[in-house]
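Residues per chain are reported as follows:
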Amino acid sequence: MTDGGAGEQPAGAGPGPERALELVAEALAYASQGIVVSDAQGRTLLSNARCRSLLQTGDGDILAEKAVEAALQRARSGEDHSETLDLYSPTRHTLEIRAFPLGNRVEPRGAVALVDDVSELRRLESVRRDFVANLSHELKTPLGALSLLAETLDGEDDPEVVSRLTGRLGSEARRFSRLVDDLLDLSRIESGGTGTLVPVPLAAVVAEAIEGFHETASARDIELAVGPVSTATWVSANRRDLASAIANLVDNAIKYSEPGGSVTVSVQEGQGTVCVSVRDQGIGIPRRDQERIFERFYRVDRARSRWTGGTGLGLAIVRHVAAYHGGDVTVTSTEGEGSTFGICLPVCQARTTDG
Ligand code: ADP
């Protein structure tokens, strides 16, 4: 490998110390970590661009710079050093600062400090911790109910009580199984296991999604109406996932409606996009909860969700499905009046295969 500067050196000889330092400085400009090198007297020999951008972010500057300087000082006295620094300006972020002696530990010839922005890593760790804590709770609840029901059933002779308890055992077991299915779906979609998207007629997907709900709705005295869907509208989709996302919205609309209400599924086509809307006249969702309901395990009313057999994962799955189809999920709702959920997707121009 050659460059313009290499031609000035005699063949076989390396660049002089100053040129070498320049080359190293140039190379470190590409590093994603902030790097500062100081000599034994504390003079800065090198500080890359990433380090400057990490340390000069607002009022926290001085704090961060001082922390790096102190870390280098400790390293120059022969000690490794590591700390994390929480800064609150201009936005909340966390830096990890590590410093090491250079040369030898007894009499170091200098020190290097490495600076990383670990804010995103921290956020993901905290999301993962919350998820594991929530999941343990969600798994324990039906398991606790199952073991309690089994204990109560043990030694029970009254056929009426036995039949009631076995009925409840069955419904808790089904709830548990739905939870595991939803978890597996969520994990598959989150890890990118979504398969290829192929052109499919939206009318067929909608029909597949609402299949079976007419019975559930009429059992609860709820009218389920489906508006016309043009057979000319095709979307690029994973048919199974899209149908189950629409089904999830219909299921919720029925679950959170009172008897006598109605649920309407309709399709609106705009410029290059198509939205499948599910409107109900149910209990509605308070404004403050409307963004949070898409979080895993978030429920407005925990007791009602439990009573209806919900897993708290449905809308999180719907949001992921809409996103990987290049679309979005929307909600408008008024407490006591009802809600409208919509999955909006890009319309597919090519109508070749029906996957
Ligand atoms: P769940 O299994 O609890 O229904 P979801 O993720 O599907 O979980 O929904 C999250 C929460 O959003 C529900 O617990 C409920 O509080 C609220 N919600 C969802 N859909 C509706 C709706 N159509 N009407 C009123 N509340 C709803």
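**Q** Help me understand the packing of aromatic side chains, please; the structure alone is not making it clear to me.
**A** What describes a pair of aromatic rings is the distance from one ring centre to the other and the angle between the planes of the rings. Taken as a whole and judged by the stated rule, the model has 2 aromatic pairs. The interplanar angle of 15° and the centroid separation of 5.9 Å between the aromatic rings of Phe131 and Phe297 together place this pair among those described as stacked. You can see Phe131 sitting in helix α4 (residues 119-153) and its partner Phe297 sitting in the loop between β10 (273-280) and α9 (302-307), a full 166 residues away along the chain. With respect to burial, Phe131 and Phe297 carry one shared label: buried. Stacked on the ring of Phe131, the Lys or Arg Arg296 has its end atom at 4.3 Å from the ring centre.

**Q** Would you take a moment to explain the environment of Ser119 for this structure?
**A** Inspection of the secondary structure puts Ser119 in helix α4. Setting aside its immediate chain neighbours within four residues, Ser119 contacts His93 and Thr94. A polar contact of 3.0 Å, which involves the side chain of Ser119, links it to the backbone nitrogen of Thr94.

**Q** Just to check I follow, could you spell out the nonpolar core for this structure?
**A** Across soluble globular proteins, nonpolar side chains have a tendency to be buried as a group. Core analysis: the largest hydrophobic core is formed by 51 residues, its most contacted members being Leu242, Ile246, Val250 and Ile343. The biggest single contributor to this core is helix α8 (residues 239-255), with 9 residues. Residue contributions to this core reach at least three from each of two domains, namely domain 2 (120-193) and domain 3 (195-355). Beyond its immediate sequence surroundings of up to four residues, Val250 is in contact with Ile210, Phe213, Leu224, Val265 and Val278. Counting residues in hydrophobic clusters, the runner-up holds 18 residues, among them Leu55, Val68, Ala71 and Leu95.

**Q** What exactly am I supposed to notice about the site of the ligand here?
**A** Looking at the ligand, there are 21 residues lining it, with Tyr256, Ser305, Thr311, Gly312 and Leu315 nearest. At the level of elements, α8, α10 (314-324) and β12 (338-346) are the ones that each hand at least two residues to the shell around the ligand. Ranked by residues supplied to the shell around the ligand, first place goes to α8 with 3 residues. Of the residues that constitute the shell around the ligand, the class distribution is 10 nonpolar, 8 polar and 3 charged.

About the thresholds
- Residues numbered from 1 in each chain as written.
- Predicted model: local features only at pLDDT ≥ 70, side-chain atom pairs only at ≥ 80, totals over all residues.
- Heavy atoms only, no water.
- Phe/Tyr/Trp six-rings, centres within 6.5 Å; stacked < 30°, edge-to-face > 60°.
- Helix = DSSP H or I, 4+ residues; strand = E, 2+ residues; numbered from the N terminus.
- Buried < 20%, exposed > 50% of the residue type's maximum accessible area, 1.4 Å probe, protein only.
- Lys NZ or Arg CZ within 6 Å of the ring centre and 35° of its normal.
- Contact = heavy atoms within 4.5 Å.
- Polar contact = N/O pair within 3.5 Å; in protein donor to acceptor, adjacent residues only side chain to side chain.
- Core = buried A, V, L, I, M, F, W, Y, C linked by side-chain atoms within 4.5 Å.
- Domains from an automatic or database assignment.
- Near = heavy atom within 4 Å.
- Nonpolar A, V, L, I, M, F, W, Y, C, P; charged D, E, K, R; others polar.

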